[in-house]
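# Survey of secondary and tertiary structure
As a plain string of letters, each chain reads:
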Amino acid sequence: MVLTKTQSLTVCDVCVHISNEFPDARLKGRGRMTNHIDRQTTLADQVTLTGIGVHSGKPASITLLPADAGTGIVFQRTDKDDAAEIPALWNRVTQTSLQTVLGDPSENGMSTVEHLMAALAGMGIDNLIIEVDGPEMPIMDGSSAAFVDAIDQVGVKHLDRGRRYLKVKKPVRVDNGSAWCELKPYDGTRFEITIDFDTPLIGRQTFASDLTPQVFREELCRARTFGYVKDVEQLWKMGFALGSSLENSVAIAEDKVLNPEGTRWQDEFARHKALDAVGDLSLAGLPILGLYRSYKGGHKMNNAILAKLFEDKSAYEIVEAPAFREVGHAENAGLAAAAFGPDVS
Ligand SMILES: [Zn+2]
């Protein structure tokens, strides 16, 4: 492969090559391409973000460091001597109330990992070491947007090792009262997330789309977390939401949004729940080839469905290369175009 000199900071060398070779692919399905190159990725350089923890209210700084193929996503506390790495995996999850927590943050764990994990999964980053100077991730604006900006700032690097996927072979389902979620076989990666609140402001909303970097960037990454003001005092008593503000949450009181700028979409709530699901499901450790559907789901059910999947070895397989790898890049571009048709999302 001969690379051209049109590399930019936001597009990896392979993508530049393909987009030059197949300009239609760039126009129709720019975001999809990254997923269709079956090589593992990391970031091209390190990048640091600072903010505050939404639950602790304390300053938090993270540095995303490029990592070798096969590393996966790993958190590393820098405020503790000799702290072991914390792999971003579903079986390390210890709390799912209002957030997703890995390990024990008072010892060596990490709180509120889901929005960064969503950005990494959404943008197709396989390997990364995340250094954090405390027990909680910075909340930024309550969405994944700042993390996507950070990825864009340094660019994506493809590594010389094939990407592996977790392919769902049999449906698995978790029920909890009227709430449920399920993973089903699907030729690609798709999320169908429905929330149902008994209030006119939110009501019943669904976000349904194949997941591609372009969809994540344009439809999900800016959707912010949200909460009811009436719940805040109780949360404070429990030690949650101490850093919560209109700068990092959509605040709802008496069925009205208090943020002066309003919502970013009318269905920002469902979009945020979909963002959370993308992050939580990425704790499978590999990108999932399958359809994830949830009704009134949340962090707890997102974690439960992975436990259920891994319980049954016949329900999944790990594949080195999905079937679409066998087709040429031009055909991939066709798939990409279809993924963005008017009937999607
Ligand atoms: Zn969230």
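These lines cover the structure that appears in this document, whether it is placed above or below. (Residues numbered from 1 in each chain as written. Predicted model: local features only at pLDDT ≥ 70, side-chain atom pairs only at ≥ 80, totals over all residues.)

## Details of the nonpolar core
Formed by 74 residues in total, the largest nonpolar core has its most connected members in Met-117, Ala-119, Leu-120, Ile-151, Ala-274 and Val-278. At seven residues, helix H7 (residues 268-281) tops the list of elements feeding residues into this core. If sequence neighbours within four positions are ignored, Ala-274 has contacts with Phe-191, Ile-193, Phe-207 and Leu-220. (Core = buried A, V, L, I, M, F, W, Y, C linked by C-beta atoms within 7 Å. Buried ≥ 20, exposed ≤ 12 C-beta atoms within 10 Å, placed from the backbone. Helix = DSSP H or I, 4+ residues; strand = E, 2+ residues; numbered from the N terminus. Contact = placed C-beta atoms within 7 Å.)

## Side note on the sheet that holds strand E15 (residues 226-228)
The strand order across the open sheet formed by three strands is E15-E16-E17, and the pairing between neighbours is mixed. Taken across any chain shown, the strands that pair with only one partner, and hence form the sheet edges, are E15 and strand E17 (256-257). Where E15 lies against strand E16 (residues 250-253), three bridges are found, and the strand directions are parallel. Residue Tyr-228 lies in a different strand from E16, and its bridge partner there is Ile-252. (Pairing = 2+ DSSP bridges.)

## What about the packing of helix H3 (residues 114-122) against H7?
Between H3 and H7, the least distance of the axes is 7 Å, while the angle of their chain directions is 80°. Overall, the two elements H3 and H7 adopt an arrangement that is roughly perpendicular. Residues Glu-114, His-115, Met-117, Ala-118, Ala-121 and Gly-122 of H3 pack against Leu-275, Asp-276, Val-278, Gly-279 and Asp-280 of H7. The residue makeup of the contact of H3 with H7, split by class, is five nonpolar, three polar and three charged. (Axes fitted to C-alpha atoms, helices over the stretch in contact; angles between N-to-C directions. Parallel < 35°, antiparallel > 145°, perpendicular 65-115°, else oblique. Nonpolar A, V, L, I, M, F, W, Y, C, P; charged D, E, K, R; others polar.)

## Thoughts on the sheet that holds strand E8 (residues 128-132)
Sheet architecture is open: five strands sit in the order E2-E3-E8-E4-E5, paired in mixed fashion. The strands lining the two open edges of the sheet, one partner per strand, are strand E2 (47-52) and strand E5 (86-87). Set on the sheet, helix H4 (residues 145-154) makes contact with E2 and strand E3 (59-66); between it and E2 the angle comes to about 160°.

## Describing helix H8 (residues 299-311)
End to end, H8 covers 19 Å across 13 residues, agreeing with the expected 18 Å (1.5 Å per residue, within 8%). Of the residues making up H8, those classed as buried are His-299, Met-301, Asn-302, Asn-303, Ile-305, Leu-306 and Leu-309. (Expected span 1.5 Å × (residues − 1).)

## Focus: the environment of Asp-280
Tracing the chain through its elements places Asp-280 in helix H7. Look at Asp-280 and you get buried, because 28 C-beta atoms sit within 10 Å. A C-alpha to C-alpha distance of 6.0 Å links Asp-280 and Asn-302, two positions 22 residues apart in sequence.

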